[in-house]
Amino acid sequence: MSTPKVSIIVVSYNTREMTLECLRSVKAQTTEPYELIVVDNTSSDGSAEAIAKEFPEFELLAETENHGFALANNIAAKRCTGEYILLLNPDTIVLDGAIDKLLAFAEMRPEARIWGGKTLYGDRSLNPTNAWRRMTLWGVISQALGLSSVFRQSALFNPEAMPSWDRETETDVDIVTGCFLLMKRDFWEKLGGFDPLFFMYGEEADLCLRAKALGASPRITPTAQIVHYAGASEKVRSDKMVRLLRGKMTLIRQHFPKWQRPIGRFIFQFWPLSRKIGLTVLRRSEGARIWGEIWQRRSEWKDGY
């Protein structure tokens, strides 16, 4: 058997039907030589059994504990033999040869060293969460004051989301989202993979920022497209946001200039409170309740991972 060009890693957790659909799309849409490794984080919905039955040709690591996203990918990466590693979420569908196209893009833009594509929602409308700018102190202030929520389409007040970019052009970014992230395996190994400190959320931002410090220029192409339903393994929104905030607090601690770290962490902790107040004023009671719960749970996330 020839060495695969790309090793595809899928980390699954209680997303059986979506994971099966994802794997079917990889098989149907990919012509480049590949190997595929699925890490099942001890799902309770029969995911591992269903994957093993339908895809015996793929390597399945049926774990007995939930490692989270970062560590599970690290475990799989140690078994990879391809020139490239592709991280692919289980709640995705590969469209129109997207993996082949992303590999071709990587060959055209080797200086980027990390590559990503365009993401769509299930109805094929744009999902703009495929890439981000890095967190900054100004961005944290804008979030805490509610400006990024009120002025979502403003590059000034919502800089992380890059709202002025329509996702239709090839662009340098700071962070490629881990749902569809490609890099050379030797570069992954040089970086040490994901920092296992991150359980879920923030790990790809940390990886990309460490890569940029070594000269990488992460880049997105609109020609490689996937569906990303987003958040399928996290059913409780408050739990998801607690993990997200822990990840962001950790990013502030690890990647802000030293003098900005205590300021950034202090200000950022008020973001949920501002969301709660804003939604209360707008009489959106359910949203206000959720953000109020997140604020009440701040002891779980304010110190990061």
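Residues numbered from 1 in each chain as written. Predicted model: local features only at pLDDT ≥ 70, side-chain atom pairs only at ≥ 80, totals over all residues. Heavy atoms only, no water.

Visitor: Mind showing me how you'd approach the overall build of the chain here?
Guide: When its secondary structure is counted, the chain shows 12 helices and 11 strands. Taken against the 2.2 N^0.38 rule, which gives 19 Å for 305 residues, the C-alpha radius of gyration of the chain at 19 Å falls within 12% of a compact globule. With respect to the three principal axes, the spread of C-alpha positions in the chain is 60 × 40 × 35 Å. Within the chain, the fraction of its 305 residues that count as buried is 54%. Considering only contacts within the chain whose residues lie at least 6 apart along the sequence, 78% involve residues at least 24 apart. (Helix = DSSP H or I, 4+ residues; strand = E, 2+ residues; numbered from the N terminus. Rg over C-alpha atoms; globule rule 2.2 N^0.38 Å. Buried < 20%, exposed > 50% of the residue type's maximum accessible area, 1.4 Å probe, protein only. Contact = heavy atoms within 4.5 Å.)

Visitor: Help me understand the pairing of strand β11 (residues 219–228) in this model?
Guide: Judged by how many residues are buried, β11 sits mostly within the fold: 8 of 10 residues are covered. Looking at chain direction, strand β5 (residues 92–94) and β11 are connected through 3 bridges and run antiparallel. Within the sheet, the bridge partner assigned to I93 lies in β11 and is V227. Relative to β11, strand β6 (residues 114–120) is paired through 5 bridges, and the arrangement is parallel. From the neighbouring strand, T119 faces β11, where its bridge partner is I226. (Pairing = 2+ DSSP bridges.)

Visitor: Looking at this structure, how should I read helix α8 (residues 203–213)?
Guide: Among the 11 residues in α8, 8 count as buried, and that is most of the element. Regarding α8, the residues found buried are E203, E204, A205, D206, L207, C208, L209 and A211. After α8 finishes, the residue G215 shows a positive phi value of roughly 100°.

Visitor: Quick question: what am I supposed to make of the state of the cysteines here?
Guide: Cysteine pairs can be covalently joined through their sulfur atoms, and such a bond is termed a disulfide. Summed over all chains, the structure comprises 0 disulfides. With no disulfide of its own, C208 lies 11 Å from the sulfur of C179, the closest cysteine sulfur. With relative accessibility at 0%, the residue C208 sits in the buried group. (Disulfide = S-S within 2.5 Å.)

Visitor: Even after reading the chapter, I still don't get the environment of E49, so can you show me in this structure?
Guide: Inspection of the secondary structure assignment puts E49 in helix α2 (residues 47–54). Note: C-alpha distance between E49 and A62 (13 residues apart in sequence) is 8.8 Å.

Visitor: How should I be thinking about the pairing of strand β10 (residues 180–184) in this particular structure?
Guide: Along a regular strand, successive side chains alternate from one face of the sheet to the other. With 4 of its 5 residues buried, β10 lies for the most part within the structure. The sheet contact formed by strand β4 (residues 84–88) and β10 spans 5 bridges and is antiparallel. Looking at β10, one finds that Y84 is bridged to K184. Pairing of β6 with β10 involves 3 bridges; the strand directions are antiparallel. Following the sheet pairing, I114 is matched in β10 by M183.

Visitor: What exactly am I supposed to notice about the side chain of D174 here?
Guide: Following the sequence through the fold, D174 ends up in the loop between β8 (171–172) and β9 (175–176). Side-chain polar atoms of D174 contact the side chain of K212, separated by 3.3 Å. Residues in contact with D174, not counting those within four places in the same chain, are W132, R133, R134, C208, K212 and P218. (Polar contact = N/O pair within 3.5 Å; in protein donor to acceptor, adjacent residues only side chain to side chain.)

Visitor: Just to check I follow, could you spell out the environment of V140 for this structure?
Guide: Structurally, the position occupied by V140 is in helix α5 (residues 137–144). With a relative accessible area of 0%, V140 lands in the buried category. Separated by 155 residues in the primary sequence, V140 and W295 place their C-alpha atoms 16 Å from one another. Look past the residues within four positions of V140 in its chain and what remains in contact with it is M135, I252, F256, G264, I267 and F268.

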